[in-house]
Amino acid sequence: MRTHLLKSSVARSALPGHSRVAVSPVLTTGWISELSYSEAQPGLTQLLLLPLLQQLGTQSRWQLWLTPPQKISRQWLKASGLPLNKMMQLPYHQAFSTVEAMIKALQTGNYSVVLGWFANDISENDRRRLEEAASAGQALGLIMRPQTGATCPSGQKNRLKIHSTLYH
């Protein structure tokens, strides 16, 4: 994920030469990223994803979860510190494509983040359309995919890279 696009005091204060100043956590441009997760170890995904969702939850915009594998628990949302009044989940339905639903939601600008669950990789054309929609709505689109045993020949797009110099 390209976290440098988020304006936050936490991200800036971690960089050398930046003082700790309060900055609104608003996206300056939209973008798409992919998070590959292990279904056997959901805790790691929560550790990575939860702080981002909490930060985006401070915005006035909603968070949309499209077709997650399980229904989101209200108790989990409360315990996680995510805003119940800004969360929306749409379960899988054959009447719509997850890509098309993500594109429409991202374009509106009503959502700070749109998470879409996919069993397989999406085409380059669909990825480009998602990027354009995210840019138009100044939103974050997360493509959520379970890890498979085989590695993808084209590689994962927009990989999350955490440089250890920020934490030592």
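Whatever comes next refers back to the structure up there.
Here is a short report on the structure shown in this document. Computed from a predicted model, the values in this text were never measured in an experiment. (Residues numbered from 1 in each chain as written. Predicted model: local features only at pLDDT ≥ 70, side-chain atom pairs only at ≥ 80, totals over all residues. Heavy atoms only, no water.)

**With respect to helix H2 (residues 42–56)**
We apply this condition: By the criteria applied, helices consist of DSSP H or I runs no shorter than four residues and strands consist of E runs no shorter than two, each listed in order from the N terminus. One less than the number of residues in a helix, times 1.5 Å, gives the span that helix is expected to have. Throughout, the bend at a residue refers to the angle made by two axes, fitted to the seven residues ending there and to the seven starting there. Throughout this description, buried means an accessible area under 20% of the type-specific maximum (1.4 Å probe, protein chains only), exposed means over 50%, and partly exposed covers the range between.
Taking 1.5 Å of rise per residue, 15 residues should cover 21 Å, and H2 covers 21 Å from first to last C-alpha, within 8% of that figure. Leu49 marks the point of greatest bend in H2, at about 35°, and the proline Pro51 comes within the next four residues. By the burial criterion, the buried members of H2 are Thr45, Leu49, Leu50, Leu52, Leu53, Gln55 and Leu56.

**Some words on the nonpolar core**
Here is the rule: Definition used in this section: a nonpolar core is a set of buried Ala, Val, Leu, Ile, Met, Phe, Trp, Tyr and Cys residues joined via side-chain atoms within 4.5 Å.
Formed by 19 residues in total, the largest nonpolar core has its most connected members in Trp65, Leu115, Leu142 and Met144. Only strand E1 (31–37), H2, strand E4 (111–117) and strand E5 (140–146) provide two or more residues apiece to this core. Sort the elements by how many residues they give to this core and H2 lands first, with five residues. Of all hydrophobic cores here, the second largest spans 18 residues; its members include Leu106, Phe118, Ile122 and Ala134.

**Notes on the sheet that holds E4**
Convention followed: In this description, strands pair whenever DSSP reports at least two bridges between them. Each axis is a line fitted through C-alpha atoms, and for a helix only the stretch in contact is used; angles between axes span 0 to 180 degrees, taken between their N-to-C directions. By the convention used here, residues are in contact when the closest approach between their heavy atoms is within 4.5 Å.
Read from one edge of the open sheet, five strands run E1-E5-E4-E2-E3, paired in parallel fashion. The sheet is open, and its two borders are formed by E1 and strand E3 (87–90), each paired with just one other strand. Geometrically, the sheet is characterised by an average inter-axis angle of 15° between neighbouring strands, direction not taken into account. Across the sheet, H2 lies against E1, strand E2 (62–66), E4 and E5, angled at about 160° from E5, the strand it touches most. Across the face of the sheet, helix H5 (residues 124–137) comes into contact with E1 and E5 while running at roughly 125° to E1.

**Concerning the pairing of E3**
Where E2 and E3 come together, four bridges link them in parallel fashion. By the bridge assignment for E3, Leu64 is matched with Met88.

**Some remarks on the environment of Tyr92**
Structurally, Tyr92 can be placed in the loop between E3 and helix H4 (98–108). Judged by relative accessible area, Tyr92 falls into the exposed class, the value being 56%. Measuring from C-alpha to C-alpha, the distance between Tyr92 and Leu66 comes to 7.1 Å, with 26 residues separating the pair along the chain.

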